[in-house]
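Now for the letters of each chain:
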Amino acid sequence: MNTSLWLRWKLPFTLFLLGISLIALSSQPLSSLLFKHDVSVRLDNLYSFYQGRYLKIGTEIDNLVERLSFTCNEDDLAYLRDTIEQSTVIQLVEIQSKEANCSIYGHGISLIKEQDETDSIVDNSYRMNSYKVEPYFNHRMKLSLYMPDTTLIAITEPFQHIFTESETCKDCIAMGLENEGAFIPLYPRDPSQNYQHIGSKKFSSKYIVHIYATDRGIRFTSQSDLFFVQLFLGSIWLSVCLIIGLRRTPNRTLKDLIAQGLKDNEFVPYYQPIINTEKQRVECCEILVRWQKSSGEIIAPNQFIPIAEHNGQIIELTYYLLNYVADQLKELPTTETHFYVSLNVIPKQLEDNDFAEQVFTIMDNFDISPNSIALEVTERTPFTNLKKANAVINRLKHRGIDIKLDDAGTGYGGFSYLQELPIDTLKIDKMFVETIGTDDVKSKILNSIIVFGQNAGLKLIAEGVETQEQVDYLHSKGVYLMQGYFFAKPMPFAELCEFYLSARDPH
Ligand code: C2E
Ligand code: CA
Ligand code: CA
């Protein structure tokens, strides 16, 4: 039970472990993917927030320049304040000249400082129309219009970062504006760290926003998303594996068990003697497989043979039994040359020339005469290619291997196969033998099978003989080969040896 449970869940469990390891190993590409997706959504939001505003900077200042006298008179002050009030993007404007200096806060109040040393190591400025544009403190931009003796300076609103400080680590994410090849670092990169370009978005015909991040930034920012995505993928994979496990049908599980049983040599041939009642001797033995589990439990063939026949494992099982039996036969305490064993095969095996070759090889390997074995073919599945079967059976017969038709009259082709195939023996099924002494209509069929067999010159073996009455009746009809519990049940090889010795020497 435990092995069957393990066999059923082995594949889904292995798949689950593989999937989970893959999900765990893919943390890095996954967090990078999540981060990129997050950045792209945030850039879209930022775009809707800023849309159009930065386009107007130039025009707003152009309008102001047209109205200013640059003397810092009251009108100039009013124009400066006007511009700030109406603009959504300009935060501060100042006129700086030799004669006058004023800002929106009044005469002589200059608020705009020169950049400090560290910021100006790299000259990030560039020209936009007649303005010099450069980054300014607190993620703003400074636009300067230089005229003879006078400079008009405007400072923009701070450019919003796509991540707040609490969402990411320090110096992990950088942001810059690109304008016609020039670059303004609004959130500058820390020169001691490595950044990779994560995404960009065109904000206007001139400006493109670029986002950069360090590996730590990617991990830090996406770690909670990563956890939930991995949890989600893990639970989906768990469900898939559970479905795979639950869908593994008992047949499939039995197939795995049979394969395992073959590996562990759990299949054992049992021998059931077939008696020649006329000559009072054991004519041959039918090989009937038993599945002997390590627990000691013995499983009857009807519980696994139909599945092995259906899925093709019967082919391996037959070779296995043939090797097993060929090895044991040398130990049998008999010198009688007529003795042979009879193995059950299915039509498909008799349609395959390789099967015949393999049988010969095994017999040669064990130095056993092919006369020592016969094959009985069941009719549970039909022959599909009688021409091929004919050739293979003839080849087997040529080397001395007899072919019997098992359970005659109960299966597919019935007696029609007998006309098509070179079969030597008919095994009369127990179903007919057990009608002896009854008024079952099938008892008439028994007589017809016997008459048919005798007329066709076939050897007849009666199966399932359990009573003296059946023995006597079969004798009266000229049937002398009998197999059944009346004589012996199928038994392991050691018991067969004893049976043989006592049959030879009844005292
Ligand atoms: P089968 O070939 O018709 O074998 C005869 C079955 O009848 C055997 O059942 C045998 O134990 C049983 N039997 C024999 N004498 C008597 C009797 O007097 N009374 C009763 N009630 N039963 C009797 P078993 O061993 O359970 O095998 C069942 C079937 O499994 C076999 O039927 C055969 O078709 C199949 N089988 C067994 N071993 C193999 C194998 O190695 N290969 C293939 N393809 N089939 C096998
Ligand atoms: Ca049989
Ligand atoms: Ca049979």
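Residues numbered from 1 in each chain as written. Chains lettered and ligands numbered in written order. Predicted model: local features only at pLDDT ≥ 70, side-chain atom pairs only at ≥ 80, totals over all residues. Heavy atoms only, no water.

Below, the discussion takes up the overall build of the chain. Within the chain, the regular secondary structure consists of 16 helices and 20 strands. The C-alpha atoms of the chain give 48 Å as radius of gyration, which overshoots the globular expectation for 507 residues (23 Å, by more than 25%). With respect to the principal axes defined by its C-alpha atoms, the chain has extents near 145 × 40 × 40 Å. Counting every position in the chain, which comprises 507 residues, the buried fraction comes to 47%. The contacts in the chain between residues at least 6 apart in sequence include a share of 64% that link residues at least 24 apart. (Helix = DSSP H or I, 4+ residues; strand = E, 2+ residues; numbered from the N terminus. Rg over C-alpha atoms; globule rule 2.2 N^0.38 Å. Buried < 20%, exposed > 50% of the residue type's maximum accessible area, 1.4 Å probe, protein only. Contact = heavy atoms within 4.5 Å.)

A few words on the domain arrangement of the chain. Taken domain by domain, the chain holds domain 1 (1–111 + 119–156 + 223–251) and domain 2 (255–504). Measuring from the centre of the C-alpha atoms in domain 1 to the corresponding centre in domain 2 gives 83 Å. (Domains from an automatic or database assignment.)

This next bit is on the site of ligand 1. As a structural note, the neighbourhood of ligand 1 is formed by 23 residues, with Arg290, Arg380, Lys430, Glu466 and Tyr485 the closest of them. Glu309 is positioned with one of its side-chain polar atoms (N or O) 3.1 Å from a nitrogen atom of ligand 1. At a separation of 3.0 Å, an oxygen atom of ligand 1 approaches a polar side-chain atom of Asp406. Contact with the protein chains removes 85% of the 800 Å² of surface that ligand 1 exposes when unbound. Top element by residues in the shell around ligand 1 is strand S13 (residues 281–292). It accounts for 4 residues. Residues belonging to the shell around ligand 1 are distributed by class as follows: 9 nonpolar, 5 polar and 9 charged. (Near = heavy atom within 4 Å. Polar contact = N/O pair within 3.5 Å; in protein donor to acceptor, adjacent residues only side chain to side chain. Areas by Shrake-Rupley, 256 points an atom, 1.4 Å probe, with all protein chains shown as cover. Nonpolar A, V, L, I, M, F, W, Y, C, P; charged D, E, K, R; others polar.)

On the secondary structure map, Ser31 appears in helix H2 (residues 27–50). Each residue touching Ser31, except ones within four places of it in the same chain, is listed here: Ile218, Ser222 and Leu226.

So, about the sheet that holds strand S11 (residues 207–213). Reading across from one edge, S9-S8-S11-S10 is the order of the 4 strands in this open sheet, with antiparallel pairing throughout. Bordering the open sheet on either side are strand S9 (182–187) and strand S10 (196–202), each of which pairs with just one other strand. Taken pair by pair, the neighbouring strands of this sheet meet at an average axis angle of 25°, ignoring direction. By the bridge criterion, 5 bridges tie strand S8 (residues 173–179) to S9 in an arrangement that is antiparallel. (Pairing = 2+ DSSP bridges. Axes fitted to C-alpha atoms, helices over the stretch in contact; angles between N-to-C directions.)

At their nearest, the axes of H2 and helix H5 (residues 215–247) sit 8 Å apart, and the two run at 105° to each other. Between H2 and H5, the interaxial angle falls into the category roughly perpendicular. The residues of H5 that touch H2, namely those facing Ser27, Leu30, Ser31, Ser32, Leu34 and Phe35, are Gly217, Ile218, Thr221, Ser222, Asp225, Leu226, Val229, Gln230 and Leu233. Tallied by class, the residues present in the contact of H2 with H5 amount to 7 nonpolar, 7 polar and 1 charged. (Parallel < 35°, antiparallel > 145°, perpendicular 65-115°, else oblique.)

Where helix H8 (residues 313–329) contacts helix H10 (residues 353–365), the two axes come as close as 10 Å, and the packing angle between them is 20°. It follows that H8 is roughly parallel to H10 by the angle criterion. Along this stretch, H8 crosses H10, giving a crossing that reads as right-handed. Taking contact as the criterion, the partners of Thr318, Tyr319, Leu322 and Asn323 in H8 are, on H10, Asp354, Phe355, Gln358, Val359 and Ile362. For the contact of H8 with H10, the class distribution of residues is 5 nonpolar, 3 polar and 1 charged. (Left-handed = near helix turned anticlockwise from the far one by under 90°.)

With that settled, consider the coordination of the calcium ion (ligand 2). At the metal site, the calcium ion (ligand 2) is ligated by Glu286 (OE), Asn344 (OD1), Glu376 (OE) and Asp406 (OD), and these contacts range over 2.0 to 2.3 Å. Sequence positions of the donors to the calcium ion (ligand 2) reduce to the motif E-x57-N-x31-E-x29-D. Between the two metal centres, the calcium ion (ligand 2) and the calcium ion (ligand 3), the spacing is 3.9 Å, with Asp406 acting as a shared donor. With a gap of 62 residues between them, Asn344 in strand S15 (residues 340–345) and Asp406 in strand S17 (residues 402–408) connect regions that are remote in the sequence. Judged by its relative accessible area of 23%, Asn344 falls in the partly exposed class. For Asp406, a relative accessible area of 3% gives the class buried. (Donors = N, O, S within 2.8 Å, 3.2 Å for Na, K, Ca; no water.)

As a further point, take the environment of Arg399. Relative to the helices and strands, Arg399 is located in the loop between helix H11 (386–398) and S17. Look at Arg399 and you get partly exposed, because its relative accessible area is 32%. Beyond its immediate sequence surroundings of up to four residues, Arg399 is in contact with Phe360, Asp364, Pro370 and Asn371.

Let's shift gears to the coordination of the calcium ion (ligand 3). For the calcium ion (ligand 3), the full set of protein donor atoms is Asp406 (OD), Asp407 (OD), Glu463 (OE) and Glu463 (OE), at a range of 2.1 to 2.4 Å. Donor residues for the calcium ion (ligand 3), ordered by position in the chain, follow D-D-x55-E. Its relative accessible area of 10% is what places Glu463 among the buried residues.

Taking burial as the measure, the 10 residues of strand S12 (residues 267–276) include 10 buried ones, the bulk of the element. The alternating pattern of S12 places Phe267, Pro269, Tyr271, Pro273 and Ile275 and Val268, Tyr270, Gln272, Ile274 and Asn276 on opposite faces, both of which are buried. Note that S12 and S13 share 10 bridges and pair antiparallel. Within S13, the position partnered with Tyr271 by the bridge is Ile287. Linking two consecutive strands that pair antiparallel, namely S12 and S13, is a turn of 4 residues; a positive phi of about 55° is found at Gln280 within it.

This model, assessed by the stated rule, comprises 15 aromatic pairs. Here Phe159 and Phe203 contribute two aromatic rings whose centre-to-centre distance is 6.2 Å and whose plane-to-plane angle is 45°, an arrangement assigned as tilted. Pair noted here: Phe159 is in the loop between strand S7 (150–156) and S8 and Phe203 is in the loop between S10 and S11, with a separation of 44 residues, a long-range link. You can call Phe159 buried: its relative accessible area is 2%. (Phe/Tyr/Trp six-rings, centres within 6.5 Å; stacked < 30°, edge-to-face > 60°.)

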